[in-house]
Amino acid sequence: MNSSLTLCATTRLAQTLRGERPAGQRVWPTRQALTLDQWLAGLADEAQLSGFADLPAMLDPFAERLLWEKVIAGSLTEAAPLFDIQGMAASAAEAQALSRVWKLQPGSAQLSEEARLFAGWQADFDRRCRANGWIDVAGLHRRLIALIESGHFALPGTVVFVGFDRFTPLERDLMTALAGRGVGIEQVPMAFYATSRQSFLACADLDAECAAVVTWARQRLAENPGVRLGIVAPDLAGMRDRLEFMLDDVLHPALLRPDAAEHPRCFNFSLGRALSDLPLVHIALELLALGASRAKVEQGRLSALLLASGWSAAEAEADGRARLDAAVRRDLPYFTTLRAMLSLAERLAVTAPPLCPQTVAALAAFVDTTEHAPRKQPPGRWAAVFRAALSAAGWPGDRPLSSHEFQARRAFGEVLDGLGRFDALLGPLEFTEAVRRLSQLCRQRLFQPETRGQPAIQVLGVLESAGLRFDGLWVMGMNDDQWPPPPRPNPLLPAELLRAVGASHASAEVELDFARRVHERLTLAAPEVRFSYAQADGNRLLRPSPLLKGLESAVAEVPDIDTVARRMADESKDAVDMLVDAVAPPVAVGEKVSGGSWLLRAQAICPAWAYYQFRLGGEAMDEPVEGLDPAARGTLVHEALEAFWNEMRSSTTLANLSEVARQQAIDQAVARALQSFEMDRRMTLPARFRELEAARLHKLLDLWLTIEAKRGLPFEVIACEQAAEVEIEGIKVKMVVDRIDRLADGRQVIIDYKTGASIDTKNWAGERITEPQLPIYAALVNDEVAAVVFAKVLLDKPAFAGVADEKDILPGVQGIGDDKQKIFDPAEFPDWIAVITHWRERLHAVASEVKAGVAGVSFADEKELQYCEVLPLLRLPERRRLLAAAAEQVAGVEIEPGAIVQ
């Protein structure tokens, strides 16, 4: 008993102590530093190998929760699906550990219903453990302490406890047992410095707080590259991403490239990430989940699968997979299957070269493997199926793995290898349940890639910082809702008992005592310690922790941090030439420009929109929606009205219909519309959904036909969905007119159905006509037009909206020159001919812009870009920045009202 053992509060502290190098020594023995769990686990192995104690098999935390789930589900019987079994199991496991560690013995009298329920669960849990030779972690620790007291194990001469903010009864019992065996017990004081300079900084919000921390770290590193800095936060998980991105941006600007993602940094986070969150493991779990599903899945999951790396020929066939994704979005319904996607790929390969043959072959092999898997089997056997399925899918992909990816793959393999230890607990599982359990394991396993050396900056939670010293320390997130932590007593144990023994998280007093101990430790962990807190989180005002009371306030202005984006913006002022790119190449002779009236509409709203979408062919990807999107619903309305008027043909026929005949005609029109819609889309609507949609269409048509019946002039429907073509400034414009009515005197009414609430006709009198289809037909196609109107086919306020040669042609539509007509100024447009002339001139002017290549990003109202499919190409944020810079340059200059700053 002449050796020394150091028991550490955290794994990080144990690693740090083992890696210490004594000053002035070239060779030294590695310090024996372990956590309490690590040391006791070694004693358990020794007891088993030596044979002096027959210890039960220890349940790891995940296995223990699984057993609690079975116990709880068994007690709830048929009501189990109504409860959060996993959450209740986690609470039960915590209650069991508290009972063991703090030696809680609740009396049978005056127990709450929850405590009595837990007592029953606990008895069943212990019974199952005895029957199967299992024991929970805390129970095993109690057994080992008893063996130490009995004289077993070869013990070190001295045990040094380091980094413990306070000791639990179990830890104190261990000390007593060790002392009884003659082992020397030492407790290393937590204070590394007798005094320190302490201050606090109030920051506007979390972004400002992170900026202050990063600026401080950069300054300290600039002063002394060998400095050891610590950044501690109570809620490290909540601010990790924001702080990590900012540290990377400021301290390693050259490493923002994707190929430098794994390059060593000067900072390290103690908090690992869930194994399931790593891209390589995430795609493996998603593949297995899709393979296990026998039901249809959201189309978006298949799209994400196709665009993800990590399986099959993700690199070699990236373009082909993207094109297959576009086809999936276009041709498959919202809910679909892997088999449907494979069938689509086969259909596409009939008329064109295969898009991604290796991917399709791998996916087909994967589907075959999963479909032939056994229905139920133990987890250990599922591991082999999972490996075979992933191998068939070509996981982990066709490119060499990076170091971190290789480590992640190895960790995932270890999880698969360990599935067999749950065979006795879980028994035979179905495919979907086996994948769910695997995903649970991966979510609970934290992954921290191996790093070399000791980074200058350690970013830690308050517990991980125990026992560590720094040259400078910044403790952030010191708000009163985080520090002291709010109490969270276990709901399954008597609250009075927890408070009486001072169990962890039992009460506000316990948490305050804990926070004070940690706070005192942190203040003496470095010669300079700064605390900070945020004053607001969005619209919510925040307050500082009461533990900051009495500290000196640091009056420091938080500067704008020097990020890569800011440096590039500053450098661009001198190094980058500003080019005016508002003019595209003119339309060449023989060049076909698509878009029809939509081309002129986009040109009138924003010339760049028209150029990018209709001349360069840019378009947005289809977004899958559940059921029917607004466009599809509008199409159904169009088809139903077309079917109705193809039968009725005139207002006279409509007026002569009896109510019964009218309802029958509407039903027939709706049925034909739904049938045509399904044939065109190569889909079958679910029966109940089809029934509901038919009812909606019937109600809408019935309501709209009452508006049609109020028309004062008789009419004949001479065309529905009439195609038309006209050449404007050498550009062929094709369009389809929803309906053309002929009045008794031969004049025509042009009708465009609208099923959306937003309809704008005021632009018809403007310089740029943003709804050009009806004006094009009236001014350039047909000389006999007497009215152009939108038919607002809506359940709420259906009506006609437009303009006519004279009043009373359509209900609610005023004639040119009428006093109630608000679109066209009578002084400028005295008659119908003036309106037609205006439309002809403005349409030719806009078409001339297209022909000349006018393609600037200019528009009157950004709201009009709502349906622009190429919005990212317009670079609106950059435009706003340039306009703001221009406004700064002309600040102080008086601008006439109505003037536009270009």
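The structure presented is a predicted model; accordingly, all values stated were derived computationally and were not measured. Going along each chain's sequence as written, the residues are numbered from 1 onward. The predicted origin of the model limits local features to residues at a pLDDT of at least 70 and limits the giving and counting of side-chain atom pairs to 80 or more, whereas totals for whole chains, interfaces and linings rest on all residues. Excluding hydrogens and water, the side-chain figures rest on all heavy atoms present in the structure.

J.: For this particular structure, what's the right way to read unusual backbone geometry?
T.: Of the consecutive residues W395 and P396, the connecting peptide bond is found in the cis state with omega at 15°. We count a stretch as a helix when DSSP gives it H or I for four or more residues in a row; a strand needs E for two or more, and each element gets its number in order from the N terminus. With respect to the helices, strands and loops of the structure, P396 is situated in the loop between α15 (379-392) and α16 (403-417). Cis geometry is found at the peptide bond from W483 to P484, where omega equals 5°. Topologically, P484 is positioned in the loop between β17 (472-475) and α19 (495-501). Look at R649: it is not a glycine, yet its phi comes out positive at around 70°. Mapped onto the elements of the fold, R649 is located in the loop between α24 (630-648) and α25 (651-656). Its identity is not glycine, yet E729 carries a phi of approximately 55°, on the positive side. Structurally, E729 can be placed in the loop between β22 (715-728) and β23 (731-743). For each residue, the accessible area found with a 1.4 Å probe, counting protein chains only, is set against the maximum for its type, and the residue is called buried under 20%, exposed over 50%, and partly exposed in between. A relative accessible area of 29% places E729 in the partly exposed class.

J.: What is the right way to look at the sheet that holds strand β26 (residues 799-804) in this model?
T.: Either a parallel or an antiparallel arrangement is found when strands of a sheet pair, and the pairing is made through backbone hydrogen bonds. Within the open sheet, the five strands sit side by side as β22-β23-β24-β25-β26. Their pairing is mixed. Looking at the sheet topology across the chains shown, the edges are occupied by β22 and β26. Strand-to-strand twist across the sheet, computed as the mean angle between neighbouring axes with direction ignored, equals 35°. As defined by bridge partners, β23 adjoins strand β24 (residues 748-754) across four bridges and the pair is classed as antiparallel. Bridge pairing links R739 to I751 in β24. Note on contacts: a residue pair qualifies if any of its non-hydrogen atoms lie within 4.5 Å across the two residues. Throughout, an axis means a line fitted to C-alpha atoms (over the contacting stretch in the case of helices), and angles, computed between N-to-C directions, take values from 0 to 180 degrees. In the packing of α24 onto the sheet, contacts are made with β22, β23 and β24, and the angle to β22 comes to roughly 125°. Against the sheet, helix α27 (residues 687-709) touches β22, β23, β25 (785-792) and β26, its axis set at about 40° to β26. Here, any two strands with at least 2 DSSP bridges between them count as paired.

J.: Please explain the packing of aromatic side chains as it appears in this structure.
T.: Any Phe, Tyr or Trp ring, taking Trp's six-membered ring, that has another such ring centre within 6.5 Å forms a pair; planes under 30 degrees apart are called stacked, those over 60 apart edge-to-face, and the others tilted. Tallied over the full model, the rule gives 25 aromatic pairs. Geometrically, the ring pair formed by F644 and W645 is edge-to-face, given 5.4 Å between the ring centres and 90° between the ring planes. The exposure class assigned to F644 is buried, which follows from its relative accessible area of 1%. According to the relative accessible area criterion, W645 is buried, its value standing at 0%. Taken together, the ring pairs in this structure connect W764, F790, F824, F829, W832 and W839 into an aromatic cluster. Lying over the aromatic face of W311, R321 brings its terminal NZ or CZ to 4.2 Å of the ring centre. Any Lys NZ or Arg CZ that is within 6 Å of a ring centre and within 35 degrees of that ring's normal is treated as a charge sitting over the ring. We note R711 situated over the ring of F715; from NZ or CZ to the ring centre the distance is 3.7 Å.

The quantities given are spatial measurements derived from coordinates; they are silent on function.
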